[in-house]
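# Per-entry structural report
One letter stands for each residue in the lines below.
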Amino acid sequence: MDEPSSRRRTNQMERTRSAIVAAARELADTGAEITMPLIAAEARVSEATAYRYFPDLISLLRAAVEAEDQLATLRSVTTGEDPVERIGQAAETLGRAVLRRQGVVRTVVASTIAKPSQATTRPVSRFKLIEYALAPWIERNGLAGHPEVEQLVRDLALVVSAESVFTLVDLCGLTPDDAVAGLVASARRTTAAAITTISPRPAT
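Definitions and limits used
- Residues numbered from 1 in each chain as written.
- Predicted model: local features only at pLDDT ≥ 70, side-chain atom pairs only at ≥ 80, totals over all residues.
- Heavy atoms only, no water.
- Helix = DSSP H or I, 4+ residues; strand = E, 2+ residues; numbered from the N terminus.
- Contact = heavy atoms within 4.5 Å.
- Areas by Shrake-Rupley, 256 points an atom, 1.4 Å probe, with all protein chains shown as cover.
- Buried < 20%, exposed > 50% of the residue type's maximum accessible area, 1.4 Å probe, protein only.
- Polar contact = N/O pair within 3.5 Å; in protein donor to acceptor, adjacent residues only side chain to side chain.
- Axes fitted to C-alpha atoms, helices over the stretch in contact; angles between N-to-C directions.
- Parallel < 35°, antiparallel > 145°, perpendicular 65-115°, else oblique.
- Left-handed = near helix turned anticlockwise from the far one by under 90°.
- Nonpolar A, V, L, I, M, F, W, Y, C, P; charged D, E, K, R; others polar.

The subject of this paragraph is the overall build of the protein. Helices and strands together make up the secondary structure of the protein, namely 11 helices and zero strands. For the protein, the sequential pattern of α-helices and β-strands runs α-α-α-α-α-α-α-α-α-α-α. When contacts within the protein are restricted to residue pairs at least 6 apart in sequence, long-range pairs at least 24 apart make up 70% of them. Entry remark: accessible area of the protein is about 11300 Å², with carbon and sulfur atoms responsible for 54%.

Right under this line is the structure:
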């Protein structure tokens, strides 16, 4: 049976959108300045087509950042249940992802600083990574919903972040590798200090 024309159109639209996002990610890896015309050319579509899928460059760059599955990367490297070790791995995963596509990430961060109303559209990779890293410890100790654990997640969100990476590189003058190492060390210290003060809930 022939595929309905509406489904063919939907599939073609999805392929076109994916090609545009993939082109943006590939250009981001080069470190070159990224523009909509360059992305359209890389995706082999017209600039008008690119704008039909994304109203502006920022929305496209957000999609390009979100397309990278940092959580899958973290899952592939985490071993054991030690929250300090796992948070260190989460920090390294995010830090290296930020540096790999820092041109895109800087643009996205700057756009939400300039327009705070758009902050909710920013990718939330840091929270997914932090929550995954802490999950075994939280489950083992019955700490789901614990106020101090929620505070720890907020504390870590300040550390395991693109902004922290850029502070270490731009303001502290660290090399990319040293910046990632600093991010990892800060995340581990924050976690180690917190878990010593959070008591497991008694089993029911």
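So, next bit.
Moving on, we come to helix α10 (residues 162-171). All buried positions along α10 are accounted for by Ala 162, Ser 164, Val 165, Phe 166 and Leu 168. Elements in contact with the buried residues of α10: α6 (83-100), α7 (102-114), α8 (125-140), α9 (147-159) and α11 (176-195). Gly 173, located one to two residues past α10, shows a positive phi value of around 70°.

Attention now goes to the side chain of Thr 49. Mapped onto the elements, Thr 49 comes out in helix α3 (residues 47-53). A polar side-chain atom of Thr 49 sits 2.8 Å from a polar atom in the side chain of Ser 46. Within the structure, Thr 49 has its side chain in polar contact with the side chain of Arg 52 (distance 3.0 Å). In contact with Thr 49, other than residues within four places in its own chain, are Thr 16 and Ile 20.

Okay, the packing of α7 against α10 next. The contact between α7 and α10 brings their axes to 11 Å, and the two run at 115°. Here α10 runs roughly perpendicular to α7, going by the angle between their axes. Like other packed secondary-structure pairs, α7 and α10 cross with a definite hand, here left-handed. Where α7 approaches α10, its residues Gln 102, Val 105, Arg 106 and Val 109 are matched on the opposing element by Ala 162, Glu 163, Phe 166 and Asp 170. Per-class residue counts for the contact of α7 with α10 are four nonpolar, one polar and three charged.

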